[in-house]
Amino acid sequence: MEKPSRRQFAKAAALTTAAIAFKPFYILQARPKLDGEVIGHGGHRYRLQQGWGNLDSSKFPVKNCHEMVQDKQGRLIMIGDETKNNILIYDRSGKLLDSWGHDFPGGHGLTLWNANGEEFLFITDPGLSKVFKTDMKGNILMTIEHPSKVGAYKEDAAFRPTETAIGPDGTIYIADGYGSQWVLRYTAKGEYIDKFGGPGDEEHQFATAHGVAIDNRDKANPTVLVTSRIHNSFKRFTLDGKYLSSIFLPGAYVCRPVVKDDNVYAGVCWSRLKYLNQTPNSGFVTILDKNNKVISNPGGTKPEYKNGQLQLMVQEKPLFMHCHDVCIDEDENIYICQWNAKQTYPVKLVRV
């Protein structure tokens with residue numbers, strides 16, 4: 001018999017508490033106002049809460065909301081490219097808790113590393129061609145610069161890092177998604193190890209290596225998932241960079257893979273609408289199960305498999321413009337950051 005999920009347990013506990021207290025109106029008053037429709041498919045359906053992250057733009061402006069992570073306190077930390085406040089920190093209700101950061105004009109990738117209970121952030125800025133390790137207050141602890149400084153690139157090679165991931169042993173993986181299309185490995189101290197991938201259409205190569213994540217769903221055999229966005233795919237590698245397999249997601253220009261429990265979630269920045277070309281303002285969210293099968297596309301068309309092959313997925317409703325990243329909380333709610341979306345703040349999808 002399968003163990004109940006945290007979400008199922010929480011639902012049962014809430015119902016029991018309500019029955020005992022006989023005061024359901026207190027619970028209703030405490031729930032956030034949900035103003036949108038229900039989207040998604042199968043067991044992964046969500047109610048859209050569009051105004052969740054809205055702030056006073058005169059005090060806390062945004063340009064592009066790029067990525068979001070959740071720390072051990074439950075705070076939702078978002079990075080953008082507005083130097084008045086690169087980092088915005090929310091609670092789950094959408095209340096602003098803190099803001100900082102003025103030094104990342106291209107603030108793009110944000111990774112949380114929990115090192116034996118102590119947390120750090122890794123920030124990528126493709127415009128500055130640098131990766132920064134900071135503490136949780138934004139103090140810069142380490143900077144990784146152009147790979148030519150360690151002999152990994154020629155001096156004139158482009159280095160525009162988009163994302164990082166931290167391996168089980170502290171190895172730093174840097175996806176050069178807007179640059180030369182390599183994933184570079186560094187030690188936890190920032191010492192260069194090697195690189196893998198590179199530009200091209202071979203299975204082990206990348207076309208816009210936009211995101212990277214450690215897939216630890218198989219605890220005994222963690223692997224590295226790398227986005228190849230133009231290829232509409234995630235590509236899987238061993239921790240030392242050997243190619244294993246690809247997950248083809250036809251129609252979906254996916255961003256960073258986000259692993260949560262048994263699933264992989266991703267923002268889809270564009271889909272293939274008119275003439276099957278990359279089409280502006282055509283984003284959605286995609287969700288894969290433990291077998292890497294797409295099970296839900298909130299905002300997109302229902303996933304369909306024919307003879308084991310996933311069919312073309314596109315935006316179904318114009319609810320999103322360009323979904324750049326997602327963050328998943330312990331109740332499996334989804335927070336969406338959007339690029340090139342008229343300076344809008346993050347939105348929330350509440351699991352139903």
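Residues numbered from 1 in each chain as written. Predicted model: local features only at pLDDT ≥ 70, side-chain atom pairs only at ≥ 80, totals over all residues. Heavy atoms only, no water.

A. Spotlight on the sheet that holds strand β9 (residues 130-134). Taken in spatial order, the four strands make up an open sheet running β7-β8-β9-β10, and their pairing is antiparallel. Looking along the sheet, the strands with just one partner apiece sit at the ends: β7 (109-115) and β10 (140-144). On average, each strand axis in the sheet is tilted by 20° relative to the strand beside it, whichever way the strands run. As judged from the seven bridges shared by β7 and strand β8 (residues 118-125), these two strands associate in the antiparallel manner. Following the sheet pairing, Gly109 is matched in β8 by Thr124. (Pairing = 2+ DSSP bridges. Helix = DSSP H or I, 4+ residues; strand = E, 2+ residues; numbered from the N terminus. Axes fitted to C-alpha atoms, helices over the stretch in contact; angles between N-to-C directions.)

B. Summary view of the packing of aromatic side chains. Tallied over the entire structure, the rule returns 12 aromatic pairs. Ring centres 4.8 Å apart and planes at 40° place the aromatic pair Trp52 and Tyr90 in the tilted group. Of this pair, Trp52 sits in the loop between β2 (44-49) and β3 (65-70) while Tyr90 sits in strand β5 (residues 87-90); the two residues are 38 residues apart in sequence, bridging distant segments of the chain. The exposure classification of Trp52 matches that of Tyr90, with both residues buried. Through successive ring pairs, a cluster of aromatic residues spans Phe196, Phe206, Phe237 and Tyr243. Above the face of the Phe120 ring, Lys133 is positioned so that its terminal group lies 4.4 Å from the ring centre. The ring of Trp182 has Lys195 sitting right over it, with the charged end atom 4.8 Å from the ring centre. (Phe/Tyr/Trp six-rings, centres within 6.5 Å; stacked < 30°, edge-to-face > 60°. Buried < 20%, exposed > 50% of the residue type's maximum accessible area, 1.4 Å probe, protein only. Lys NZ or Arg CZ within 6 Å of the ring centre and 35° of its normal.)

C. Region of the structure containing empty space enclosed by the protein. One pass over the full model with this rule turns up one cavity of 30 Å³ or more. Its volume calculated, the largest cavity comes out at about 30 Å³. Taken together, Val62, Lys63, Asn64, Met78, Gly80, Asp81, Glu82, Asn85, Asn86 and Leu88 make up the lining of the largest cavity. For the lining of the largest cavity, the per-class residue count stands at three nonpolar, four polar and three charged. (1 Å grid on protein atoms, 1.4 Å probe; cavity = no way out; pocket = protein on both sides within 12 Å on 5 of 7 lines; lining within 4 Å. Points joined across faces, edges and corners; volume = space filled by probe spheres on them. Nonpolar A, V, L, I, M, F, W, Y, C, P; charged D, E, K, R; others polar.)

D. Summary view of the confidence of the model for the protein chain. Mean pLDDT over the protein chain stands at 92; residues scoring 70 or higher make up 90%. Counted against residues more than four places away or in other chains, residues 12-32, with its pLDDT under 50, gives three contacts. (pLDDT = per-residue confidence, 0-100. Contact = heavy atoms within 4.5 Å.)

E. Main features of unusual backbone geometry. A positive phi angle, near 60°, is found at Ser129, a position not held by glycine. Position of Ser129 relative to the elements: it lies in the loop between β8 and β9. Despite not being glycine, Tyr275 has its phi angle at roughly 55°, a positive value. Within the secondary structure, Tyr275 is located in the loop between β21 (263-272) and β22 (278-279).

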